[in-house]
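Each chain, written out:
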Amino acid sequence: MNGPVSVVFVSSQLWEVEEKKAALVSYFLASNTIIIAFYLAAGLDTGHTFGNFAVCAPFLAAGSLFGAAAARKLDRNTAQKIIYLVIALMGATMLR
């Protein structure tokens, strides 16, 4: 399952920030690759889907680069607080 459960599990481990990032990136990459493969096999992805991805890809890349640069400047406690804040915000959006 992608999302908060994975992030909560990894953030609760006593790993260094770089190890946590590596674990999450590896997990999400593998998980999303499998999900996309099943979507393609089921015929759920269309040209429209890929067009939307092409429009969003530059923003995804920019956000990833910004996040990587910002994360280099964070200590463990600050990173942990940001993770919990983002999880709380994600949970709040689910309450609507």
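Residues numbered from 1 in each chain as written. Predicted model: local features only at pLDDT ≥ 70, side-chain atom pairs only at ≥ 80, totals over all residues. Heavy atoms only, no water.

**Some thoughts on a nonpolar patch on the surface**
Worth spelling out the cut-off: Patch rule: a residue counts if its relative accessible area is over 30% and it has no salt bridge; like charges are joined within 9 Å, and nonpolar side chains (Val, Leu, Ile, Met, Phe, Trp, Tyr) within 5 Å. A 1.4 Å probe and the Shrake-Rupley method give the accessible areas. Residues count as covered only by the protein chains that appear here. We define a salt bridge as a side-chain nitrogen of Lys or Arg found within 4 Å of a carboxyl oxygen belonging to Asp or Glu. Secondary structure elements follow DSSP: runs of H or I no shorter than four residues count as helices, runs of E no shorter than two count as strands, and numbering proceeds from the N terminus.
Taken together, the side chains of Leu74, Ile82, Val86, Met90 and Met94 define a hydrophobic patch exposed on the protein surface, amounting to about 410 Å² of accessible area. If you trace the backbone, Leu74 turns up in the loop between helix H3 (47–71) and helix H4 (76–94).

**Digging into the packing of helix H1 (residues 4–11) against helix H2 (residues 17–42)**
Put simply, the test is: For helices, the axis comes from a line fit to the C-alpha atoms of the stretch in contact; other axes are also lines fit to C-alpha atoms, and the angle between any two N-to-C directions lies between 0 and 180 degrees. Oblique is the label for every angle not falling under 35 degrees (roughly parallel), over 145 degrees (roughly antiparallel), or within 65 to 115 degrees (roughly perpendicular). Rotating anticlockwise by less than a right angle from the far helix to the near helix defines a left-handed crossing, while the corresponding clockwise rotation defines a right-handed one. Contacts: residue pairs with any heavy atoms within 4.5 Å of one another. In this count, Pro and Cys sit with the nonpolar residues alongside Ala, Val, Leu, Ile, Met, Phe, Trp and Tyr, while Asp, Glu, Lys and Arg are called charged and the others, Gly among them, polar.
H2 packs onto H1 with a crossing angle of 150 degrees between their chain directions and a minimal axis gap of 10 Å. Looking at the two axes, H1 sits roughly antiparallel to H2. Every pair of crossing elements has a handedness; the one defined by H1 and H2 is right-handed. For the pair H1 and H2, the contacting residues are Ser6, Val7, Val10 and Ser11 in the first and Lys20, Ala23, Leu24, Tyr27 and Phe28 in the second. Of the residues that constitute the contact of H1 with H2, the class distribution is 6 nonpolar, 2 polar and 1 charged.

**Focus on the environment of Pro4**
Note the threshold: Relative accessibility under 20% of the residue-type maximum defines a buried residue, over 50% an exposed one, and the middle range a partly exposed one, all with a 1.4 Å probe and only protein chains included.
The residue Pro4 is located in helix H1 in this model. For Pro4, a relative accessible area of 25% corresponds to the partly exposed category. If we ignore the near neighbours within four places in the chain, the residues touching Pro4 are Met90 and Met94.

**Concerning H1**
Basically, it comes down to this: Throughout, the arc means that of the directions going from the helix axis to the C-beta atoms.
Inspection of H1 places Ser6, Val7, Val10 and Ser11 among the buried residues, and these make up the whole buried set. The buried side chains of H1 occupy one side of the element, clustering within an arc of 120 degrees when seen end-on. In this structure, H1 carries Val5 and Phe9 as exposed residues pointing more than 90 degrees from its buried face. Close packing links the buried residues of H1 with H2 and H4.

**A short note on the pattern of salt bridges**
Applying the stated criterion across every chain, the model contains 1 salt bridge. Between Glu18 and Lys21 there is a salt bridge, with its nearest N and O atoms 3.0 Å apart. On the criterion of helical spacing, the pair formed by Glu18 and Lys21 is a turn pair, its members being 3 residues apart in helix H2. Lys21 gets classed as partly exposed once you look at its relative accessible area, which sits at 28%.

**Observations regarding the environment of Arg76**
Along the chain, Arg76 falls in helix H4. Along the backbone, Arg76 and Trp15 are 61 residues apart, and their C-alpha atoms lie at a distance of 9.2 Å. Those residues in contact with Arg76 that sit more than four places away from it in its chain are Leu14, Trp15, Glu16 and Val17.

**Here's the deal with H2**
Because the α-helix completes a turn every 3.6 residues, residues three or four places apart line up on one side. The criterion, for reference: The span you would expect from a helix comes to 1.5 Å times its residue count less one.
Compared with an ideal rise of 1.5 Å per residue, which puts 26 residues at 38 Å, H2 spans 37 Å between its outermost C-alpha atoms and is within 8% of the ideal. For H2, every residue scored as buried is listed here: Val17, Lys20, Leu24 and Ser31. Where H2 is buried, its residues touch H1 and H4. Just downstream of H2, Gly43 is the residue with a positive phi angle, here 75 degrees.

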